[in-house]
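Observations on the three-dimensional arrangement
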Amino acid sequence: EAGVVQSPRYKIIEKKQPVAFWCNPISGHNTLYWYLQNLGQGPELLIRYENEEAVDDSQLPKDRFSAERLKGVDSTLKIQPAELGDSAVYLCASSFSSGYSTDTQYFGPGTRLTVL
Amino acid sequence: SQQGEEDPQALSIQEGENATMNCSYKTSINNLQWYRQNSGRGLVHLILIRSNEREKHSGRLRVTLDTSKKSSSLLITASRAADTASYFCATRGEPETSGSRLTFGEGTQLTVNP
């Protein structure tokens with residue numbers, strides 16, 4: 001079974017430029033997550049989708065970050081404009097949510113963003 | 001914001017020894033999970049323990065949970081070089097309070113020397 005796919009794996013941009021990350025979840029998973037992971041820290045949730053609906057985006061900096069999940073499958077996370085402090089690893093995860101809090105999240109390899 | 005704090009931040013042991021990592025958290029939880037992250041395989045779920053459980057085993061892993069102390073420990077027995085990774089605890093809150101968000105600690109970097 002294919003895991004969560006993310007692209008690109010690495011991205012280097014200059015500040016104030018836009019950037020986009022793409023995620024393809026595990027087939028059949030209705031819930032998709034975007035996390036931000038700074039160096040030496042654990043991941044922090046940015047946004048959670050259940051199907052097409054963003055059900056938890058309270059930690060997404062909406063002034064420069066946006067996300068979409070069209071047709072309830074693939075998702076794109078965008079930053080515009082990027083700032084130096086956005087340098088981090090952006091992780092996508094998916095799960096099949098059956099309504100129980102014990103659902104397991106499966107993570108992709110992440111996109112490492114460097115903003116110069 | 002991080003819910004969990006892991007201790008120690010870094011741990012170095014010899015192959016065959018046991019490794020113990022601790023996690024403390026602040027608010028009530030529905031369950032607590034442990035994840036491993038290394039450069040080869042990304043972030044991988046290891047084990048989940050529910051708030052009404054006290055101990056759980058999976059292969060060489062043993063997890064304990066003490067909700068009165070808001071703490072958990074992960075024991076890896078007979079460690080191998082391949083266990084070298086960062087280990088994170090993650091807590092799942094009650095839906096009523098946090099929407100079941102999974103909140104990660106800062107991790108323990110484990111190095112197993114051959």
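Heads up: these notes are all about the structure in this document. None of the values given here were measured: they were computed from a predicted structure. (Residues numbered from 1 in each chain as written. Chains lettered and ligands numbered in written order. Predicted model: local features only at pLDDT ≥ 70, side-chain atom pairs only at ≥ 80, totals over all residues. Heavy atoms only, no water.)

Another point: the overall build of chain A. Each helix and strand in chain A was counted, giving 0 helices and 11 strands. Going residue by residue from the N terminus, the α and β elements of chain A occur as β-β-β-β-β-β-β-β-β-β-β. Judged by the C-alpha coordinates and their principal axes, chain A covers about 40 × 25 × 25 Å. The 116 residues of chain A split such that 47% are buried. Residue pairs at least 24 apart in sequence account for 53% of intrachain contacts in chain A once pairs closer than 6 positions are excluded. If you sum the accessible surface of chain A, you get close to 5,900 Å²; carbon and sulfur atoms cover 49% of it. Separation between the mean location of the 11 positive side-chain charges and that of the 14 negative ones in chain A comes to 8 Å. (Helix = DSSP H or I, 4+ residues; strand = E, 2+ residues; numbered from the N terminus. Buried < 20%, exposed > 50% of the residue type's maximum accessible area, 1.4 Å probe, protein only. Contact = heavy atoms within 4.5 Å. Areas by Shrake-Rupley, 256 points an atom, 1.4 Å probe, with all protein chains shown as cover. Lys, Arg positive; Asp, Glu negative; His and termini not counted. Charge placed at Lys NZ, Arg CZ, Asp CG, Glu CD.)

Our focus in this paragraph is the state of the cysteines. In the structure shown here, the tally under the stated rule is 2 disulfides over all chains. At a sulfur-sulfur separation of 1.9 Å, the disulfide partner of Cys23 of chain A is Cys92 of chain A. Its torsion about the S-S bond being -70 degrees, the disulfide of Cys23 of chain A and Cys92 of chain A is classed as left-handed. Residue Cys23 of chain A is found in strand E3 (residues 19-24), and its partner Cys92 of chain A is found in strand E9 (residues 88-95); the two are separated by 69 residues along the sequence. Both residues of the pair, Cys23 of chain A and Cys92 of chain A, count as buried. Between the sulfur atoms of Cys23 of chain B and its disulfide partner Cys89 of chain B the distance amounts to 2.0 Å. Where Cys23 of chain B bonds to Cys89 of chain B through sulfur, the torsion about that S-S bond is close to 65 degrees, and the disulfide is right-handed. Of this pair, Cys23 of chain B sits in strand E3 (residues 19-24) while Cys89 of chain B sits in strand E9 (residues 85-92), placing them 66 residues apart in sequence. (Disulfide = S-S within 2.5 Å.)

Counting 22 residues, the largest nonpolar core has Phe21, Trp34, Leu46, Leu77, Ile79, Tyr90 and Leu113 of chain A as its most contacted members. Taken together, the elements giving at least two residues each to this core come down to E3, strand E4 (31-37), strand E5 (44-50), strand E8 (75-79), E9 and strand E11 (111-115) of chain A. (Core = buried A, V, L, I, M, F, W, Y, C linked by side-chain atoms within 4.5 Å.)

Cis geometry marks the peptide bond from Ser7 of chain A to Pro8 of chain A; its omega dihedral reads -10 degrees. Take Pro8 of chain A: it is sitting in the loop between strand E1 (5-7) and strand E2 (10-13). That bond from Gln80 of chain A to Pro81 of chain A is cis: its omega, -5 degrees, falls within 30 degrees of zero. With respect to the helices, strands and loops of the structure, Pro81 of chain A is situated in the loop between E8 and E9. A positive phi angle is found at Lys70 of chain B, which is not glycine, with a value near 50 degrees. Note that Lys70 of chain B resides in the loop between strand E7 (61-66) and strand E8 (71-76).

To continue, consider the interface of chain A and chain B. On the chain B side, the residues contacting the 20 residues of chain A number 21 residues. Taken together, both faces of the contact between chain A and chain B bury some 1,700 Å²; the carbon and sulfur share is 42%. At the boundary of chain A with chain B, the tally comes to 1 salt bridge. Here Asp56 of chain A and Arg101 of chain B are joined by a salt bridge, their closest N and O atoms 3.0 Å apart. Viewed at the interface, chain B and chain A are joined by 4 residue pairs in polar contact (both at pLDDT 80 or more). (Buried area = accessible area lost by both parts, 1.4 Å probe. Salt bridge = Lys/Arg side-chain N within 4 Å of Asp/Glu carboxyl O. Polar contact = N/O pair within 3.5 Å; in protein donor to acceptor, adjacent residues only side chain to side chain.)

Further remarks concern the sheet that holds strand E7 (residues 65-68) of chain A. Residues and elements named next belong to chain A. Within the open sheet, the 4 strands sit side by side as E1-E3-E8-E7. Their pairing is antiparallel. Two strands close off the open sheet at either side, each with one partner strand: E1 and E7. Pairwise comparison of adjacent strand axes, ignoring direction, gives a mean angle of 15 degrees for this sheet. Bridge count for E3 against E8 is 5 bridges, and the pairing is antiparallel. Bridging from a neighbouring strand, Cys23 pairs with Ser75 of E8. (Pairing = 2+ DSSP bridges. Axes fitted to C-alpha atoms, helices over the stretch in contact; angles between N-to-C directions.)

Attention now goes to the environment of Gln9 of chain B. Structurally, Gln9 of chain B can be placed in the loop between strand E1 (5-7) and strand E2 (10-14). In this view, Gln9 of chain B contacts Gly107, Thr108 and Gln109 of chain B; residues no more than four positions away in its chain are not counted.

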